[in-house]
Amino acid sequence: MEYEFTFVVDGATVDDDTAVNRLADELDAMLARAGGQNLLGVSSHGDSAVEAALSVAHTARGLVPGLRLLRLDRDLVGVQEIAERTGRSRQNVHQWATGARLADKGPFPVPEGTVGRAHAWLWSEVNDWLRQHGLDDGALYPTRHEMTQIDYFLANALSFSFRSTPAQGFTESRQEVFAALMEHLAGFSQFVSRLPLENPADQHILAIAGHDEPAHEVMRFIAEANRDVVLVSSRDDVITGVHFSVDTKGPQKVVYVRHDCTVWDWMDLVRDKPSATFVAESPAPLTAPHFHPKQSLSFNTAAA
């Protein structure tokens with residue numbers, strides 16, 4: 001899915017032609033100045049708004065050295081702005097807000113606050129409400145909760161790349177993993193931020209896998225990343241992340257992962273044998289990638 005973001009930034013302005021051109025050429029992003037703040041408007045694809053935001057933030061920082069993405073702009077709107085964006089009258093907007101019109105599919109969003117004596121709303125929430133009536137602007141924005149999560153990553157200078165494993169038919173279980181991960185965001189952030197990176201310009205890759213996915217397909221996915229990966233999965237109120245290093249020169253004594261093993265079966269093996277090296281069961285195991293667990297972290301989600 002494609003999401004729209006507006007970041008509050010520092011380290012680059014509209015007067016910096018090099019930054020403006022690089023961001024426009026590589027990301028189709030636009031630097032602007034409004035309300036005394038430098039803003040970066042950009043769209044990005046991802047399985048979630050958090051994934052999309054972190055991906056584009058990493059790319060933007062790589063394009064413009066010194067660029068800092070501080071937080072997301074909340075894009076607060078009043079009656080006048082809503083009227084302008086929808087092409088409707090102020091009276092119409094007042095009627096929506098008071099429930100006099102279009103209240104059949106749910107109430108108008110609660111105001112975020114007031115400016116003077118006038119209400120102000122999050123445009124993302126207003127736009128979601130308008131979508132039910134075919135009046136939205138056609139764009140997707142992060143939710144209030146996702147904005148908080150993204151701001152947390154940005155404020156702590158954390159850079160992750162979320163990758164969903166490619167096996168078909170496991171979307172629901174992967175979404176459950178991602179939701180559980182977000183509930184333990186602070187703990188996992190601290191865990192991943194302590195992991196070493198060979199190249200400081202890289203990101204940590206967090207591979208999100210459903211507990212019931214075939215382990216062999218996930219192992220192939222990790223091997224093709226060509227660098228360390230943190231595999232994250234969850235089941236039965238437990239979420240686990242394992243930092244894997246991959247090579248083809250592991251020790252000869254290894255634990256073989258059977259073809260019928262699921263991701264959670266593999267993680268059980270890792271928990272039982274944390275110092276072992278794992279290889280996908282293969283007719284030619286000596287040439288197969290060896291998976292070395294470096295560190296792991298688990299949370300009981302029922303205690304959240």
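Details of the structure are given in the entry above.
(A) Here's a closer look at the overall build of the chain. Within the chain, the secondary structure is distributed over 10 helices and 14 strands. By its C-alpha atoms, the chain is 75 × 50 × 30 Å across when sized along the principal axes. Out of the 304 residues in the chain, the part that is buried amounts to 44%. Long-range pairs, those at least 24 residues apart, make up 68% of the contacts in the chain with a sequence separation of at least 6. Put simply, the chain shows about 15,600 Å² of open surface, and 48% of that area lies on carbon and sulfur atoms. Taking the average place of the 26 positive charges on the side chains of the chain and the average place of its 41 negative ones, the gap between the two points comes to 3 Å.

(B) Local environment of the pairing of strand 10 (residues 229–235). Burial analysis of strand 10 places 6 of its 7 residues in the buried class, the great majority of the element. Crossover strand 9 (residues 204–208) to strand 10 through helix 9 (residues 215–225) is right-handed. Two elements, strand 10 and strand 11 (residues 238–247), share 7 bridges in a ladder whose sense is antiparallel. Paired with V230 across the strands is H243, a residue of strand 11. Linkage of strand 10 to strand 11, two consecutive antiparallel strands, is achieved through a turn of 2 residues, within which D236 is found at a positive phi near 50°.

(C) Structural context of the nonpolar core. In this structure, F5, F7, L23, L40, F162, L181 and V232 are the most contacted members of the largest nonpolar core, which totals 46 residues. By residue number, the principal contributor to this core is helix 2 (residues 49–63), which donates 9 residues. Ranked by size, the runner-up nonpolar core spans 24 residues in total, among them I222, V255, W266 and A280.

(D) Molecular detail of helix 1 (residues 17–27). Within helix 1, burial applies to A19, L23 and L27. Looking straight down helix 1, one finds its buried side chains confined to an arc of 25°; they lie on one side. What points out from helix 1, more than 90 degrees from its buried face, is the exposed set D17 and D25. Close packing links the buried residues of helix 1 with strand 2 (30–34), strand 3 (37–45) and helix 2. The residue sitting at the N-terminus of helix 1 and contributing the capping side-chain oxygen is D16; that oxygen lies 3.3 Å from the backbone nitrogen of T18. Of the residues flanking the end of helix 1, it is D28, one or two places downstream, whose phi is positive at about 55°.

Conventions and cut-offs
Residues numbered from 1 in each chain as written. Predicted model: local features only at pLDDT ≥ 70, side-chain atom pairs only at ≥ 80, totals over all residues. Heavy atoms only, no water. Helix = DSSP H or I, 4+ residues; strand = E, 2+ residues; numbered from the N terminus. Buried < 20%, exposed > 50% of the residue type's maximum accessible area, 1.4 Å probe, protein only. Contact = heavy atoms within 4.5 Å. Areas by Shrake-Rupley, 256 points an atom, 1.4 Å probe, with all protein chains shown as cover. Lys, Arg positive; Asp, Glu negative; His and termini not counted. Charge placed at Lys NZ, Arg CZ, Asp CG, Glu CD. Right-handed = clockwise from strand over helix to strand, strands pointing away. Pairing = 2+ DSSP bridges. Core = buried A, V, L, I, M, F, W, Y, C linked by side-chain atoms within 4.5 Å. Arc of directions from axis to C-beta. Polar contact = N/O pair within 3.5 Å; in protein donor to acceptor, adjacent residues only side chain to side chain.

Functional significance is not addressed by these values, which are geometric in nature.
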